Amino acid sequence: MIDNHILAPVFIHLFSALLQLIAWRKTVSQRFISVGGSLLGLLLAIRLFDKVHENGILTMNASNWEAPFGIVFVADLLSVTLVLLTSIAGFAVSIFSSTGLNRQRMLYGYFPIFHFLLMGLNGAFLTGDIFNLYVWFEVIIISSFVLMTLGGRKAQLEGAVKYMAMNILASTFFLTGIGILYGITGTLNMADLSVKITQVQNQYLVGITACFFLIGFGIKSAVFPLYYWLPSSYHTPPSAVAATFGGLLTKVGIYAIIRVFSLLFAFDVFTQNLLMGMAVFTVITGAMGALIKTNIRRLFSYLIVCHIGFMIGGIAMFTKIALMGTIFYLIHDIVVKTNMFLIAGVIRQLRGTMDMKSLGGLYAEYPKISLLIALVLFSLVGIPPLSGFWPKIYLFQEAFTQQQYFFVAALMVGSFVTLYVIAKMWSEVFWKDVPKDVEVENKFEPLPLIRKILLILPVGILAAVTLYIGLNAETIVQLVDKISDQLIDTRPYVDAVLGKQN
């Protein structure tokens, strides 16, 4: 079904960014435009999600060029779910940014670049053209690089260089894979590719091409052994920026792996074993890195890596149950990881540092805020019946069914290490008293009430979404059940783009 409203979540952020460029020096206006644009984007994402959920896959041919000759945008359940989650996270971050950033960074163009980033994310989720996916990836990389360097501190620039170097390498592999694909099939439309790639006689070349894509997306997803750039860079930018990065950027890589390997490349034994090995080592190395960190944001960065491994393992098994666990965990992870970095920003406002050795006493001084944060921490750990618990059931179930005992062990190690480091963080940051030799720098208390609300409200919004996901798990299970069906049987996707094939 053709629908021209598919690109509404993309255009709203484009127009928001352009309006903010016009109001370059007017930071108050930029804040209102940002929050208003993000809210409107969220409403449009909800509308698009509802249409796809009710009517099935929607398509739109750019400039009215019929597929596969023109660029096509496709809204299936997976893509609109991720657009909706991006809009929720973007709305929360825009509220936090309105008071959590200093004016100097706003004057450097934070808000327009932030909306260009959200535009790139939504475009990447909705495109049905493999080269257009690369273009959206470049929009994301350029925007995120600018956001990472805003302020120009040495640590930021050092992290940005590592981030940019690895992402340029990823883009090189991605673009090389696209070139080979076009050379052997003569098309860039992903639905058309799924038909023609099976007709290629030299399947060894197809396998090599798949490796190029896997390396490119693996770097962007931060999987072992390509993850080192993430813990070195995500702790350097402001908390609002880190929240966007931690919640969304690596998930674009996960989405790309799911999309490309479900549509284009067959899951042979070699690919499955390779992905499973990467998943196990990603979980273990991420968990080991988290064990030794005392800086909250560095700790969260390694937990991102660890939990990426959960999703890669689910993709490697590539059955209905495994994909249900993977997509459910992806939904949970976007919301929780975004919120964790916002929480880190709140803690910095309350104490002036994110070093756990210098923190303490937050529960005694701010019990209500602490309990709200505890809800998010419990969700991250996977305490039943919260959102992190349910997807692990599917992952464990399928891992035992396929006798993937190394992955079972990795899941257990990752889960227990997450529990340990979060319990340690709670003890250090909230329960223990502030060390006597530490001078507390409380930036939160002098703030006006409205600014306090704007700092805590985004954490509350995302915590409410997390609570909804956990307590309404049956609804989410029904959603991921439909998504996994579409990923395993791609004929409806192909038919929606190319028309029904004989």
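Within each chain, residue numbers correspond to sequence positions counted from 1 in written order. It should be noted that, the model being predicted, local features are given only for residues of pLDDT at least 70 and side-chain atom pairs only at 80 or more, the latter also being counted only at that level, while totals for whole chains, interfaces and linings use all residues. Hydrogens and water molecules were not included; the side-chain quantities draw on all heavy atoms of the structure.

Enquirer: Whenever I open this one, the overall build of the protein chain confuses me. Can you help?
Expert: Secondary structure counts use DSSP, requiring at least four H or I residues in a row for a helix and at least two E residues in a row for a strand, with both numbered from the N terminus. The helix and strand tally for the protein chain stands at 21 helices and two strands. Note on method: radius of gyration uses C-alpha positions; expected globular size equals 2.2 Å times residues raised to 0.38. Its C-alpha radius of gyration of 22 Å places the protein chain within 12% of the 23 Å reference for a compact globule of 502 residues. Relative accessibility thresholds used throughout: buried, under 20% of the residue-type maximum; exposed, over 50%; partly exposed, between the two (1.4 Å probe, protein chains only). Out of the 502 residues belonging to the protein chain, those deemed buried represent 60%. A fraction of 80% describes how many contacts in the protein chain between residues 6 or more apart in sequence connect residues 24 or more apart. Reported accessibility uses the Shrake-Rupley method at a 1.4 Å probe radius. Residues are deemed covered only where the shown protein chains occlude them. Total accessible area on the protein chain is roughly 19000 Å²; 65% of this is exposed by carbon and sulfur atoms. The sign given to each residue is positive for Lys and Arg and negative for Asp and Glu; His and the chain ends receive no count. Throughout, a charge is located at the NZ atom of Lys, the CZ atom of Arg, the CG atom of Asp or the CD atom of Glu. Treating the 33 positive side-chain charges of the protein chain as one cloud and the 25 negative ones as another, the clouds have centres 10 Å apart. Two residues form a contact once any of their heavy atoms are found within 4.5 Å.

Enquirer: Please explain unusual backbone geometry as it appears in this structure.
Expert: Note: most peptide bonds trans; most residues except glycine with negative phi. In this model, F224 is joined to P225 through a cis peptide bond whose omega is 0°. Along the polypeptide, P225 turns up in the loop between α9 (203–221) and α10 (229–233). At the junction of P384 and P385, the peptide bond is cis and its omega measures out at 5° in the coordinates. One non-glycine residue with positive phi stands out, namely A222, at about 65°. Considering the arrangement of structural elements, one finds A222 in the loop between α9 and α10. The phi dihedral of F318 is positive, around 45°, even though this residue is not glycine. By the secondary structure assignment, F318 is in the loop between α13 (296–317) and α14 (320–351).

Enquirer: Even after reading the chapter, I still don't get the packing of helix α3 (residues 77–100) against helix α11 (residues 239–263), so can you show me in this structure?
Expert: Between two packed helices, both the angle of their axes relative to each other and the distance between the axes serve to describe the pair. Put simply, α3 and α11 touch, their axes get as near as 9 Å, and they point 170° apart. As the angle between them shows, α3 and α11 are arranged roughly antiparallel. Contacts from L78, S79, L82, T86, A89, V93, F96 and S97 in α3 reach S239, A240, A243, T244, L248, Y255, I258 and R259 in α11. Three categories are distinguished: nonpolar for Ala, Val, Leu, Ile, Met, Phe, Trp, Tyr, Cys and Pro, charged for Asp, Glu, Lys and Arg, and polar for the others, with Gly belonging to the last. Within the contact of α3 with α11, the residues separate by chemical class into 10 nonpolar, five polar and one charged. Axis definition: a line fit to C-alpha positions, over the contact stretch in the case of helices; interaxial angles, taken between N-to-C directions, run 0 to 180 degrees. In this scheme, roughly parallel covers angles under 35 degrees and roughly antiparallel covers those over 145, while 65 to 115 is roughly perpendicular and the rest are oblique.

Enquirer: Looking at this structure, I do not really get helix α19 (residues 449–471). What am I missing?
Expert: Helical geometry note: an α-helix holds 3.6 residues per turn, so side chains three or four residues apart project in the same direction. With 23 residues, α19 extends 31 Å from end C-alpha to end C-alpha; this agrees with the ideal 33 Å at 1.5 Å per step. The largest bend along α19 reaches roughly 30° and is located at I456, with the proline P458 sitting one to four residues downstream. Listing the buried residues of α19 in full gives K452, L455, I456, P458, V459, L462, A463, V465, T466, I469 and G470. For a helix, the expected span equals 1.5 Å multiplied by the residue count minus one. Take the seven residues that end at a residue and the seven that start at it, fit an axis to each, and the angle between those axes is the bend at that residue.

Enquirer: Just to check I follow, could you spell out the pattern of salt bridges for this structure?
Expert: Close approach of charged atoms lets side chains of opposite charge pair. By definition here, a salt bridge exists when the distance from a side-chain nitrogen of Lys or Arg to a carboxyl oxygen of Asp or Glu is within 4 Å. Evaluation of the coordinates by the stated rule reveals 11 salt bridges. A salt bridge links D489 to R491; the shortest N-O distance between them is 3.0 Å. With relative accessibility at 58%, the residue R491 sits in the exposed group. Linked by salt bridges that have partners in common, K251, D333 and K337 make up one network.

Enquirer: I'm lost on the nonpolar core in this one. Help?
Expert: Most often, soluble globular proteins have nonpolar side chains that are buried together. Residues Y110, F265, I296, F300 and M425 are the most contacted members of the largest nonpolar core, which totals 184 residues. Looking at this core, the element that brings in the most residues is α14, giving 19 residues. If sequence neighbours within four positions are ignored, F300 has contacts with M340, F341, A344, I422 and M425. The criterion is simple. A nonpolar core is a set of buried Ala, Val, Leu, Ile, Met, Phe, Trp, Tyr and Cys residues joined through side-chain atoms within 4.5 Å.

Enquirer: What's the story with the packing of aromatic side chains in this structure? I'm lost.
Expert: Aromatic ring pairs are reported here in terms of the distance separating the ring centres and the angle at which the planes meet. Ring pairs shown here join Phe, Tyr and Trp side chains whose ring centres sit within 6.5 Å, with only the six-membered ring taken for Trp; geometry is labelled stacked below 30 degrees between planes, edge-to-face above 60, and tilted in between. If you walk through the whole model with that rule in mind, you get 30 aromatic pairs. Seen from their ring centres, W229 and Y234 are 5.8 Å apart, and the 75° between their planes marks the pair as edge-to-face. Across the pair, exposure class does not vary: W229 and Y234 are buried alike. Connected via pairs of aromatic rings, a cluster forms that spans F131, Y134, F137, F174, F213, F217, F261, F265, F267 and F318.

Enquirer: For this particular structure, what's the right way to read a nonpolar patch on the surface?
Expert: Patches draw on residues past 30% relative accessible area with no salt bridge. Two like charges within 9 Å are joined, as are two nonpolar side chains (Val, Leu, Ile, Met, Phe, Trp, Tyr) within 5 Å. Taken together, the side chains of F11, F15, L18, L21 and W24 define a hydrophobic patch exposed on the protein surface, amounting to about 450 Å² of accessible area. As for its placement among the helices and strands, L21 is situated in helix α1 (residues 8–22). Look at L21 and you get partly exposed, because its relative accessible area is 36%.

Enquirer: How should helix α16 (residues 367–381) be read in this particular structure?
Expert: Helix length check: α16 (15 residues) gives 20 Å between terminal C-alpha atoms against 21 Å at 1.5 Å per residue, within 8%. Here α16 has its buried residues at I369, S370, I373, A374, V376, L377, S379, L380 and V381.

Enquirer: Quick question: what am I supposed to make of the pairing of strand β2 (residues 72–75) here?
Expert: It is a general feature of regular strands that their side chains alternate between the two faces of the sheet. On β2, burial covers both faces: V72 and V74 on one face and F73 and A75 on the other are all buried. When DSSP finds two or more bridges between two strands, those strands count as paired. Note that strand β1 (residues 58–61) and β2 share four bridges and pair antiparallel. Its bridge partner being in β2, T59 is matched across the sheet by V74.

Enquirer: Is there a simple way to think about the side chain of T326 in this case?
Expert: Relative to the helices and strands, T326 is located in helix α14. Dropping the residues within four chain positions of it, T326 is found in contact with I258, M311, G314, I315 and L395.

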